[in-house]
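# Results of the structural survey
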Amino acid sequence: MSKTIVMLNGDYMPETFGGAQQQCGKVSAELVERGYGVIVFTNRTSKKTLKNEVNKGVVIVRPYTIYSPQLLGKYVIASVIWLFYWLAWAYRKRHDIDVIHVHQAKFQAFLGCVAGQLFGIPVVVKLGNAGEHNDLDRLGAKKVFGGFLKEYVIRHTTMFIAISSQIRRELEALGIKSSRIELIFNGVNPTQAGAIGVKNKREAKAQLGIPSDSMMYVFAGRFEPIKNLENALQSFIEFEAANRVPSKQFFLIGDGMLASRLISQSAGLAGAIEFTGELTDVSSYFLAADFVVSPSLAEGMSNSVLEAMAMGAIPLTTAVSGAEDLVVPGVTGWIAEAFDVNSLLAMFQCSTLSEQELLEMQLANLDRIDNIFSMGRTVDSLERLYADLA
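Since the structure is predicted, the reported quantities are computational estimates derived from the model, not experimental observations.

What counts and what doesn't
Residues numbered from 1 in each chain as written. Predicted model: local features only at pLDDT ≥ 70, side-chain atom pairs only at ≥ 80, totals over all residues. Heavy atoms only, no water. Helix = DSSP H or I, 4+ residues; strand = E, 2+ residues; numbered from the N terminus. Expected span 1.5 Å × (residues − 1). Buried < 20%, exposed > 50% of the residue type's maximum accessible area, 1.4 Å probe, protein only. Arc of directions from axis to C-beta. Contact = heavy atoms within 4.5 Å. Pairing = 2+ DSSP bridges. Axes fitted to C-alpha atoms, helices over the stretch in contact; angles between N-to-C directions. Left-handed = near helix turned anticlockwise from the far one by under 90°. Nonpolar A, V, L, I, M, F, W, Y, C, P; charged D, E, K, R; others polar. Phe/Tyr/Trp six-rings, centres within 6.5 Å; stacked < 30°, edge-to-face > 60°. Core = buried A, V, L, I, M, F, W, Y, C linked by side-chain atoms within 4.5 Å.

Attention shifts here to helix α14 (residues 355–372). With 18 residues, α14 ought to run about 26 Å at 1.5 Å a step, and its terminal C-alpha atoms sit 26 Å apart, in line with that. Of all the positions in α14, only L358, M361, Q362, A364, N365, R368 and I369 are classed as buried. Seen end-on, α14 carries its buried residues on one side only, within an arc spanning 160°.

This is the structure we're talking about:
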C-alpha cells in the first residue's frame, strides 16, 4: 500500500518561486512517480490563485489567508486563520497521512508539530537556512511567542533534515541528538552531457546572441541585500578592467529592491554587465555559462548553483551553508569570503582558465552532481526516512 506524504509549505508557487518551493515541487513530483500519494498543503494570499489543483500528480491545497502566515507580528491574524484551516483539514485526513514533511522550520513547523502531537503522525522538518538566518533562530526571534514556538518545534519534531553540513552542526549545537538529524542534500536532475565542453558552450552562447569566445558569468536570484550583489559587482568590475582578454560578460537574472542601485553601479559597462530581468526559465543561460556566481551572505544550499552545475557551469560562491558540500576549491570551483571584496576579486581572478582547465572542472562537477546531488539520490534518502517513520 502506497504511503501518503503531506508537504507543509508556507507560501508556494505560483505566488512564491523560491528555491525551497521549487525543490519541494520537484521532490513531490518524483515521489508521485515512485507511487507515493503527495499533498502539498500551503496557502494563498490572492483569490486569483487556484484554491486546489493537481500538478504532475501532486495535489495542492491552498486556503486563503489574506497575508503570508509566516509573518506573524501584526499579521498574526493570517497565522491564526492558517492554523485553524490546517488543523481542520489534518483532522479529516488524519487516518490517511503517513508522514508530515515540513519545508523550512518557520511557523509551518509549529503547525506540523501540533498536528503530529494531536493525531499521532510523525513529523519531519527540513531546515532551509543557516548562520544568522537559521530557521529555528529566526522563529525564536519572533516577538511574544517566538521562544515558545522554537522550543515546541525542537521538542516535538520526529526527525530534522539538514540540507548542509553546516545546518547539521547548528542543529547539534542546539542540543538536538544526532540520531534525530538526517543529512539529505537538495537534489537536481543529472548533469546534461551536452552542456560539457568548450564547443557546446560556444554553441549555447550563439543561441543567445553572445560572442562565442566570451567568458560568461551568471547570477540568478533576488536582488536583495542578502545576496551581496553590490560587492560581487564591484569585484567583477575591477576584475574585468584588469583582464580584458578574453572578453567577459556578467549576466544578472532576476529583479528586486536593489535593481536600480545595481544598474546605476554598472552604468557605462553595457556589454560587460547585462541585466535580463526576471526569467521563468534560466536554463538557456546556465547551459551557456562558464561560471555561476553565488555571492550570498547566507544560504541553506543554493538550488540555482546546483541547477547551473548540472548544466556545466563552474561555481564561484561565498563561504555560506552548502558551499563546503558543493565545492572542492580549485577542483570543482572556488569559495570566497562574502564580506571581503578582495576575496571576491581573488575568486574572479581564479576563473581565468585555459580551455583544458575549464573542461577538467566541468567533468569534476559532472561527477560530483551525479554521485552526490542527483534528485534520484535525494529521493532515495527520503524514501528510507519515510520507511523508518511510517
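Resuming the write-up.
Quick look at helix α5 (residues 146–156) now. Residues of α5 that are buried: G146, L149, K150, Y152, V153, I154 and H156. For α5, the secondary structure elements touched by its buried residues are α3 (107–119), α4 (135–140) and β7 (159–162).

Moving on, we come to the sheet that holds strand β11 (residues 273–277). Spatially, the six strands line up as an open sheet ordered β11-β10-β9-β12-β13-β14, and their pairing is parallel. Only two strands of the sheet have a single neighbouring strand rather than two, namely β11 and β14 (334–336). Pairwise comparison of adjacent strand axes, ignoring direction, gives a mean angle of 20° for this sheet. Where strand β9 (residues 215–220) and strand β12 (residues 291–294) come together, two bridges link them in parallel fashion. Bridged to V218 within β12 is V292. Lying over the sheet, α14 contacts β9, β12, β13 (314–318) and β14, oriented at roughly 75° with respect to β13.

Across four bridges, the pairing between strand β3 (residues 52–55) and strand β4 (residues 58–61) is antiparallel. Its bridge partner being in β4, E53 is matched across the sheet by I60. Hairpin connection of β3 to β4: two residues between the antiparallel strands, including K56 at a positive phi of 55°.

Let us now look at the packing of helix α2 (residues 76–93) against α3. Across the interface, α2 lies against α3 with an axial gap of 10 Å and an inter-helix angle of 35°. The chirality of how α2 crosses α3 is right-handed. Two secondary-structure elements touch here, α2 through S79, W82, L83, W86, L87, A90 and Y91 and α3 through F107, Q108, L111, G112, V114, A115, L118 and F119. Of the residues assigned to the contact of α2 with α3, the class counts are twelve nonpolar, three polar and no charged.

Read across the open sheet, the eight strands follow the order β3-β4-β2-β1-β5-β6-β7-β8; overall the sheet is mixed. At either end of the open sheet lies a strand with only one pairing partner, and these are β3 and β8 (181–183). Mean inter-strand twist for the sheet, computed between neighbouring axes without regard to direction, equals 25°. Sitting on the sheet, helix α1 (residues 19–33) is in contact with β1 (4–8), β2 (37–41), β4, β5 (99–103) and β6 (123–126), with an inclination near 160° to β2.

With that settled, consider the environment of T65. With respect to the element layout, T65 can be found in the loop between β4 and α2. For the pair formed by T65 and L83, sequence separation is 18 residues and the distance between their alpha carbons is 9.8 Å. When neighbours within four sequence positions are excluded, T65 is seen to be in contact with N43, R44, T45, A78, I81 and W82.

Let us look at the packing of aromatic side chains. For the structure on display, the rule yields 24 aromatic pairs. Geometrically, the ring pair formed by F110 and F148 is edge-to-face, given 6.0 Å between the ring centres and 65° between the ring planes. Taken together, the residues span a long stretch of sequence, with F110 in helix α3 and F148 in helix α5 at a distance of 38 residues. Among the residues examined, F110 registers a relative accessible area of 11% and is labelled buried. Aromatic ring contacts, followed pair by pair, group Y217, F236, F239, F250, F291 and F348 into a single cluster.

Residues M7, W86, W89, I100 and L171 are the most contacted members of the largest nonpolar core, which totals 90 residues. Not counting residues within four places of it along the chain, the set of residues in contact with I100 comprises V6, L8, W86, G112, A115, G116, I121, P122, V123 and V124. One finds F219, I237, L252 and M361 within the second-largest nonpolar core, a separate group that totals 28 residues.

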